[in-house]
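Residue strings, one per chain:
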Amino acid sequence: MDLTPEYPFIHIYPQQKAHQPAIVKANTEGLCVLLNAIVNALAYPDNNGVAEVFDGDAECYQVLVQHISTHEELSPLLYQHEPK
């Protein structure tokens, strides 16, 4: 299914292992919706910022932006960190 370019498209590729970049691919509308979610998370730290976007399959999903204050709140990682 194809959607018109006015729809916010975002795909977020997570890290597969430590020290790899996370990649965000998005059109202009998608980046604006994500930016708004980030601003809302900063303005209202007790709530999630939410971006409703579309992926490459034209499926709607939500990106949640959470404002945290401790390192422990980042866990669990999606990959196993390899010791040096």
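Computed from a predicted structure; not experimentally measured. (Residues numbered from 1 in each chain as written. Predicted model: local features only at pLDDT ≥ 70, side-chain atom pairs only at ≥ 80, totals over all residues. Heavy atoms only, no water.)

Caption draft 1: Examining the environment of Ala58 more closely. Within the secondary structure, Ala58 is located in the loop between strand E3 (49–54) and strand E4 (60–65). Ala58 sits 51 residues away from Tyr7 along the chain, and the two C-alpha atoms are 9.3 Å apart. (Helix = DSSP H or I, 4+ residues; strand = E, 2+ residues; numbered from the N terminus.)

Caption draft 2: Quick peek at unusual backbone geometry. For His19, which is not glycine, the phi dihedral falls at a positive 75°. Mapping His19 onto the fold places it in the loop between strand E1 (10–13) and strand E2 (23–26). Phi is positive for Ala58, which is not a glycine, with a value near 65°.

Caption draft 3: Highlighting helix H1 (residues 28–43). An ideal rise of 1.5 Å per residue puts 22 Å on 16 residues; H1 measures up with 22 Å between its terminal C-alpha atoms. Among the residues of H1, those classed as buried are Gly30, Leu34, Ala37 and Ala41. Relative to the axis of H1, the buried residues are bounded by an arc of 55° and lie together on one face. Of the exposed residues in H1, those oriented more than 90 degrees away from the buried face are Thr28, Leu35 and Leu42. Those residues of H1 that are buried are in contact with E1, E2, E3 and E4. (Expected span 1.5 Å × (residues − 1). Buried < 20%, exposed > 50% of the residue type's maximum accessible area, 1.4 Å probe, protein only. Arc of directions from axis to C-beta. Contact = heavy atoms within 4.5 Å.)

Caption draft 4: Highlighting the packing of aromatic side chains. Taken as a whole and judged by the stated rule, the model has one aromatic pair. Taking the centre distance of 5.1 Å and the plane angle of 85° together, the rings of Tyr7 and Phe54 count as edge-to-face. Here the residue Tyr7 occupies a position in the segment before E1, and Phe54 occupies one in strand E3, the gap between them amounting to 47 residues. Accessibility expressed as a relative area gives 16% for Phe54, which makes it buried. (Phe/Tyr/Trp six-rings, centres within 6.5 Å; stacked < 30°, edge-to-face > 60°.)

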